[in-house]
Structures are given as structure tokens and as C-alpha cells.
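Examination of the molecular architecture
Below are the chains, spelled out letter by letter.
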Amino acid sequence: MSTTQLFSLPNELFPYIFQYLSSSQLVELLADVQSRRLQALIHSFITNLDISQQTDQWLQHYLPRIFSNSNLNALRLQDRHIPSFYSDFLSSNIQSIQVISSDWTTDLLKQGLNYIRQQHHLKQLSIVFTCLHGKGDVANDLFRHDSQFQHLIVTGRFLYFDLNEIEQCNQLRSLSIELEGMHRVFMLIENLPNLQELKVKLRTEERLVQPKFTCKDNSHLANKLQSVSFTGASKYFDHIEQFFTCVGMAIEYLCISIDLIYYIIDGKRLQQNVLMKMPRLSSLDLLIHSALTYCDPIDIQTFRSSYWQQFNSIIYWHDIRAHQHTLFTLPYKSDRFKHFSNNFLSSWTSNKPVSLSFEQVRSLSFVTTTALNCEIIEFMAKHFPNLKTLELSDPVHLPGSEDEDVDRQALIMQEDLLFDRTLQLSSITKLCFVSQLQHDDYDVFRRFLHLLPNLTHLRMYIGRSLFNRLILHENADDFVGNALVRIECLEMVRFYDEKNVLSNEEIRNLFPHAEIHFNYDGVR
């Protein structure tokens, strides 16, 4: 289409054209066209702009045109970009900024925060760290008395700070942050009097003795806090309980989705020490996972009191052989389910009649305590309809436990499933076969390829024994050859078996179209 033909199109068609262009491509188009009519249409279409992948040369050329757009509302950029547009930012009306920080250090980010923290028109700030293990020392540049943003999101890195490093922030209404331990949550609560929504991802505490917070006068602490969410992992559930004792009066929504180390929590303790501290609580989402041996199962009767009937159904899953305890409310809202064992079908109890469905789960992890069979696959197909990733791994064998001396010659797949040719899980595209049970069995491997017809990502150990069987059947078994051609990504697991490791050329012959990665540490 020529430029003349493009300009002759009616205005109503341009939104359909623009939806196929990125915001940065629209900026380039804005600079290239001379038609005021088309420029006005582009201006109205650019409200959220992502320049995080652009070069410094691109910014120098297009930056003036970006901020001449009075409709620009949200901006996504690298931390190193902030100083170059600061003067233009002062005259803009941008209300939301997402900053990408890719460095181990935070020097560039802190410099940028000093530029934008005090801008009254900026309502939301989001910081995304792409280097997970770098410095977490930006809290004293975020939580200052002159900070004007109302919504703050920090992801990808845990922040570390002391009480004397942060100041009271009266404007902040919503906070999402990653922290180690609950003591820093209390520090923040003391300095955020108008906070209404709090989301915290907890990291397992590294200190042997965690500092505790004392609630001497909690009347001024977060008395506007209405929504709380805790995710991640913790060793100290009593610190979480103390939090609700201090600030639970106004909370209406609670989400707890954590791996709890050293504890399992029954309904009586949750009711008395957590929920009853929140008289306004009307909505509850729970997912508490614990891995404990030598521990009695939770009594589901503790969740059948009249108090629990006001909330959604509680499910308790317990597997003795895998040492797993999981409590969760329905509907199940996580995108993954960890640590199933293959004999899970009889291990479910609930506090009232329910119908199980896990439509949001995309990743399912199995512990290979018993062999897979048709009944398990049928259960998965019915209750996990949107799975993308299936992982098979060996259980952890704790010293002194009853199954410490597990039979390494046990089966991972029973004969009914091995010889079945009808069952398939077509939604799964990734298989992590990191169990050492039958990892070199050709028939088992072939059945997995048939079970997962849309498999494109494979993570497993392929040694000399399986390789020789594959080569032996290569000419007579077109199905396996065609399935391996479809693999786009192969992650090789070695299990430290150096004698049977394949060469790169041999792997490439098996998987001609795959991007190949090596994982020398086994299961990760």
C-alpha cells in the first residue's frame, strides 16, 4: 500500500492497524509521517509506552516526540534512562512508571528514584529487578517523607533495611514487596499510616534468632489496612500471628500462600490466632504447604466449626510417604501444584462436600512414590485441564524414616498405562523427567511421548542405554523419530553418571531441532 492510499483510509480503520504495532513502532511512525490527521490519531493511541528495549541513540532521536504527546499516561523504561528524560518528565502528566533494573548494584536506580520520587502527578511506581541476587538497599530511597506515589510494587529482589533507614510515607496506599522475615513488615507498618493494601513475598529467614516486634500501642498501626497477602516461605508462623494481633482490626480480605517450615497449622489455631483477630474479615484464600516427617496429620474436624462455614471450603491433602501436608481453600488460585505423590488419590479430606477442579494450575509436580497408572492420568485429565508442565521426581528420603531404603528398581509406570493407547494429556508441552526410576526404559519413554502429543520441551537424563535402544528402533519406529523432531528445547540431566554421557553429536542426531542445555547438578 502506498502512502497516498494509507492516508485515504477512514479514521475508523487506523485503530485496527495500530493494534499490530508496538508503542515504540508507533513513536517511529509519528516521526516519519507529515499528516497532521494521522499524527493526531497516533497521539490518541499512545497512552502506555514501553521504551525499555530501546538504545540510547533511539531515545536521543525520539525522546522529544515522546513527551510532546500529552496523552502519555504510563511509561516502562530502564533505570539508566531516567536522567536523560528527567526535564521532560517534569512537564509531563505520566501517572505510572515501571523501571527495569538489570544491574547487580543499585546506584543507577537510586539516582533515578531521587529524580522521580517527589513528582506529585506520579501515582504508581513499579520496580522490576532482573538480577535476582544483587543489592537490596533501595528502601531508604523509596520510603521517604517526600515520596508522593500512592502505589508501589517491587519484584525480583528482597529488600534489606533497618528501622532508622526509612521514614513515614503518608501518601502510600498500596504496597507489594519482597522481604526476609516478618520483622521488616512491622517496620514498614509503623511508617505507612494510610496503607490499605499490602502484598508481601517472604523469604525463609536466614538468622537463627529472628528479631521480634512488640505491639505496645497498635491503635495507630495501619488502621486503614483492608487487604493483606503473604506468599513465599517462613519458619516462624507465630510472627505472622502477631502481625494480625497488631493490625487485624480493619482487614477484610486475607490471602496466605506460603511454604511453612517446621509447622503444620490446624483449623483451631488458625481460627483463634489469626482469623478472629480480624472482625471484618469477609474473604479468605489459603494455601499452606508443609513438608514434615514424624508428624501426625491435621484433624479436619478443626475446620468444621460453625465459624469456618462462612468461608470457602477447606481441602487438606496429606501424603505420609512423601511427608507432605497441604491446606488450601477452593477455588484453588495458584498456577502450580507441588509435591503430589503418585498415591494421592485417597489422601484428600475436606470440611464440607466439594467438587475438585484446578483450572488455573499450569504446573504439576509428582513425587514418584508409587507407579503411575490409568486412574491417575484420568484424574489429571479431568481435574487439571490446563496443565502445561509435568514434573516427575524422586522423593526425599530422610534418615531414619520408614521408606529410607526405597527400592530403586521400582516402577514409575504400571502395565495398564504402559500398554494403553487411548489416554493422552494434550495440554502439556513440557516434561521434566528427573526421576531415576526407569529413566533408561525405552518403552516407558515411548509411552510418555504418546501420552504427551504436544510435547516441545523435555528435561531428563538420556544415557547410553536409552540412546542405543532409540537408535535400534529408529528405522522401524517412525513415531518416536517424529516426536523427537518436535522437541524445541532439551535440558540434559546427568545424575553424575559420567560413564554413559552422550556426546554433543549424538544428542544432536536424536534432537535435530532442539536448543540444548546441560544441567550438571541433577534435579533443580
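Residues numbered from 1 in each chain as written. Predicted model: local features only at pLDDT ≥ 70, side-chain atom pairs only at ≥ 80, totals over all residues. Heavy atoms only, no water.

As annotated in an unreviewed UniProt entry, the protein carries the name F-box domain-containing protein and is attributed to Adineta ricciae.

**Concerning the overall build of the protein**
Which entries qualify depends on this criterion: Per the convention used, a helix needs a DSSP run of H or I reaching at least four residues, while a strand needs a run of E reaching at least two, with both numbered from the N terminus. Buried means the residue's accessible area, taken with a 1.4 Å probe over protein chains only, is under 20% of the maximum for its type, while exposed means over 50%, and partly exposed covers the values in between. Surface accessibility follows the Shrake-Rupley procedure with a 1.4 Å probe radius. Residue values consider only the protein chains on display as shielding.
Looking only at helices and strands, the protein has 17 helices and 20 strands in total. Counting the 524 residues in the protein, one finds 51% classified as buried. Carbon and sulfur atoms make up 48% of the accessible area of the protein, which amounts to about 25000 Å² in all.

**Points about helix H16 (residues 478-485)**
Worth spelling out the cut-off: To be clear, the arc concerns the directions from the helix axis to the C-beta atoms. Contacts between residues were defined by any pair of non-hydrogen atoms, one from each residue, lying within 4.5 Å.
Within the sequence span of H16, burial applies to Val 480, Ala 483 and Leu 484. Taken around the axis of H16, the buried residues stretch over an arc of 95 degrees, which confines them to a single face. Among the structural elements, helix H14 (442-451), helix H15 (464-472) and helix H17 (504-510) are those in contact with the buried residues of H16.

**Focus on the nonpolar core**
Stated formally: What is meant by a nonpolar core is a set of buried Ala, Val, Leu, Ile, Met, Phe, Trp, Tyr and Cys residues, joined one to another through side-chain atoms within 4.5 Å.
In this structure, Leu 142, Phe 143, Phe 243 and Phe 244 are the most contacted members of the largest nonpolar core, which totals 94 residues. With sequence-adjacent residues up to four places away left out, Phe 143 is seen in contact with Leu 152, Ile 166, Glu 167, Cys 169, Leu 172, Leu 175, Ile 177, Leu 188 and Leu 192. Counting 58 residues, the second-largest nonpolar core is a separate cluster that includes Trp 317, Leu 418, Phe 445 and Leu 470.

**Examining the pairing of strand S2 (residues 74-78)**
Regular strands place their side chains on alternate faces of the sheet. Rules: In short, DSSP must find at least two bridges between two strands for them to pair.
For S2, the tally of buried residues reaches four of five residues, placing the bulk of the element in the interior. Where strand S1 (residues 48-50) and S2 come together, three bridges link them in parallel fashion. Directly across from Asp 50, in S2, lies its bridge partner Arg 76. Relative to strand S3 (residues 96-101), S2 runs parallel, the two sharing five bridges. By the bridge assignment for S3, Arg 76 is matched with Gln 98.

**Considering the pattern of salt bridges**
Worth spelling out the cut-off: Note on definitions: salt bridges are taken to be side-chain nitrogens of Lys or Arg within 4 Å of carboxyl oxygens of Asp or Glu.
Scanning the model with the defined rule gives 11 salt bridges in all. With its nearest N and O atoms 3.4 Å apart, the salt bridge here joins Lys 110 to Asp 137. With Lys 110 in helix H7 (residues 107-116) and Asp 137 in the loop between strand S4 (124-129) and helix H8 (139-142), this pair connects stretches of sequence that are 27 residues apart. Residue Lys 333 pairs with Asp 285 through a salt bridge whose shortest N-O separation is 3.0 Å. In this pair, Lys 333 is assigned in the loop between strand S12 (324-329) and strand S13 (336-341) and Asp 285 in strand S10 (residues 283-291), connecting sequence segments 48 residues apart.

**A closer look at a negative patch on the surface**
Just so we agree on the cut-off: Residues qualify for a patch when their relative accessible area is over 30% and they have no salt bridge, like charges being joined within 9 Å and the nonpolar side chains of Val, Leu, Ile, Met, Phe, Trp and Tyr within 5 Å. In summary, the charge assignment counts Lys and Arg as positive and Asp and Glu as negative, without counting His or the chain termini. Note on charges: their place is set at NZ of Lys, CZ of Arg, CG of Asp or CD of Glu.
Negative charge collects at one region of the surface, where Glu 375, Glu 378, Glu 415 and Asp 416 lie side by side. Contributing elements (two or more residues each) for the negative patch: helix H12 (374-383) and helix H13 (415-418). Within the element layout of this structure, Glu 378 appears in helix H12.

**Concerning the side chain of Ser 174**
Rules: Any pair of nitrogen or oxygen atoms within 3.5 Å is treated as a polar contact; in protein, a donor-acceptor pairing is required on top of that, and neighbouring residues in sequence qualify only through side-chain atoms on both sides.
Residue placement: Ser 174 occurs in strand S6 (residues 174-180). Side chain to side chain, Ser 174 and Glu 197 meet in a polar contact 2.9 Å long.

**Let's talk about the environment of Cys 295**
Within the fold, Cys 295 resides in the loop between S10 and strand S11 (314-319). Taking the C-alpha atoms as reference points, Cys 295 and His 323, separated by 28 residues in sequence, lie 8.5 Å from one another.

**Digging into unusual backbone geometry**
What you tend to see is this: most non-glycine residues have negative phi, and most peptide bonds are trans. Cis geometry marks the peptide bond from Leu 330 to Pro 331; its omega dihedral reads 0 degrees. With respect to the helices, strands and loops of the structure, Pro 331 is situated in the loop between S12 and S13.

**Quick word on the packing of aromatic side chains**
Our working rule: Stacked, edge-to-face and tilted are the three classes for Phe, Tyr and Trp ring pairs, Trp counted by its six-membered ring, which pair at centre distances within 6.5 Å; planes under 30 degrees apart are stacked, over 60 edge-to-face, the rest tilted. In this scheme, the term charge over a ring applies when either NZ of a lysine or CZ of an arginine sits within 6 Å of the ring centre and within 35 degrees of the ring normal.
Across all of its chains, the model carries 18 aromatic pairs by this definition. A ring pair is formed by Trp 308 and Phe 311, whose centres lie 6.3 Å apart and whose planes are at 70 degrees; its orientation type is edge-to-face. In terms of burial, Trp 308 and Phe 311 fall into one category: buried. With a centroid separation of 4.7 Å and 10 degrees between ring planes, the pair formed by Phe 358 and Phe 384 is classed as stacked. Of this pair, Phe 358 sits in the loop between strand S14 (348-350) and strand S15 (363-367) while Phe 384 is found in the loop between H12 and strand S16 (389-393), placing the two residues 26 residues apart along the sequence. With a relative accessible area of 0%, Phe 358 lands in the buried category. Above the ring of Phe 161, the side-chain terminus of Arg 184 is found at 5.9 Å from the ring centroid.

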